[in-house]
Amino acid sequence: MKVVGIVGSPRKNGNTEMLTAHTLKAIAEEGLDTELIPLAGLDIRPCNACMVCLKEERCPIEDDLFPIYLKMKEADGIILASPVYFGSATALIKALIERAGYISRNNGEPFSRKVGGPLVVARRAGHNFALAQLTFWFQVLGLVVPGSTYWNIALGREKGEVLNDEEGMKTAWNFGKNVAWAVKRLKG
Ligand SMILES: Cc1cc2nc3c(=O)[nH]c(=O)nc-3n(C[C@H](O)[C@H](O)[C@H](O)COP(=O)(O)O)c2cc1C
């Protein structure tokens, strides 16, 4: 059983990556395999509506998306994490969810009934909207989304500041525990 945590920040080793690593640690503690997948530095372009994935399980855009799609398909759990940029999830994670979601949708819905959920970090505002953007993706693709002890948000601006948000870190940890619990029950 495996859970992947995809980090949609263009900044390496940033707050979103730290928060996601914390959630994955909580999951690993329960005996599941985990993999952190930072999108920083990768080339992930937006969907261009070519519709090739309507006929074949592939995307003709030659960038870094498809290997990540395959990891998502293989996993039992998928976590999507994003910082807030101008009140929204980042363009990077948006590009990934558009294309991975459309390939899945058009090729037998392999993400359906996996476990998953969002994590969002911001300096001050916009968490709820970004959280909703990511949650819509899980829901429209049929994943099971466990809750936590608060909404999955945390505060931080400079790298590492998120570690000082005790409630945010605790929420991410408890979310990880619930993801592990759900994966074991659904896939065990
Ligand atoms: C282009 C840009 C836009 C941002 N927009 C917001 C925003 O709308 N609201 C907010 O609270 N923080 C905003 N921030 C701050 C980031 O969300 C914050 O620094 C976050 O911790 C970055 O996560 P990271 O360290 O994982 O990259 C913005 C940062 C950047 C670079």
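Look up a bit, the structure's there.
In this text the structure is predicted, and so the values were computed from the model without any measurement.

## A short note on the packing of aromatic side chains
No. 1: All chains considered together, the criterion is met by five aromatic pairs.
No. 2: Aromatic pair tryptophan 137 and phenylalanine 138: ring centres 5.2 Å apart, planes at 90°, arrangement edge-to-face.
No. 3: Overall, phenylalanine 138 belongs to the buried group, its relative accessible area being 0%.

## What about the sheet that holds strand E2 (residues 33-38)?
No. 1: Strands sit in the order E2-E1-E3-E4-E5 across an open sheet of five strands; the sheet is parallel. Lying at the two open borders of the sheet, with one neighbouring strand each, are E2 and strand E5 (153-155). Taken over all neighbouring pairs, the strand axes of this sheet differ in orientation by 15° on average, direction set aside.
No. 2: Looking at chain direction, strand E1 (residues 2-7) and E2 are connected through six bridges and run parallel. Residue pairing in the sheet places valine 7 in a bridge with proline 38 of E2.

## Considerations on the site of the ligand
No. 1: Around the ligand, a shell composed of 17 residues is seen, among which Ser9, Arg11, Thr16, Arg124 and Gly156 lie nearest.
No. 2: Within the side chain of threonine 16, one N or O atom sits 2.6 Å away from an oxygen atom of the ligand.
No. 3: Against a free-state accessible area of 640 Å², the protein chains account for coverage of 76% of the ligand.
No. 4: Mapped by element, the contributors of at least two residues to the shell around the ligand are helix H1 (15-28) and strand E4 (115-122).

Cut-offs applied
Residues numbered from 1 in each chain as written. Predicted model: local features only at pLDDT ≥ 70, side-chain atom pairs only at ≥ 80, totals over all residues. Heavy atoms only, no water. Phe/Tyr/Trp six-rings, centres within 6.5 Å; stacked < 30°, edge-to-face > 60°. Buried < 20%, exposed > 50% of the residue type's maximum accessible area, 1.4 Å probe, protein only. Pairing = 2+ DSSP bridges. Helix = DSSP H or I, 4+ residues; strand = E, 2+ residues; numbered from the N terminus. Axes fitted to C-alpha atoms, helices over the stretch in contact; angles between N-to-C directions. Near = heavy atom within 4 Å. Polar contact = N/O pair within 3.5 Å; in protein donor to acceptor, adjacent residues only side chain to side chain. Areas by Shrake-Rupley, 256 points an atom, 1.4 Å probe, with all protein chains shown as cover.

Scope: geometric values only; no functional claims are made or implied.
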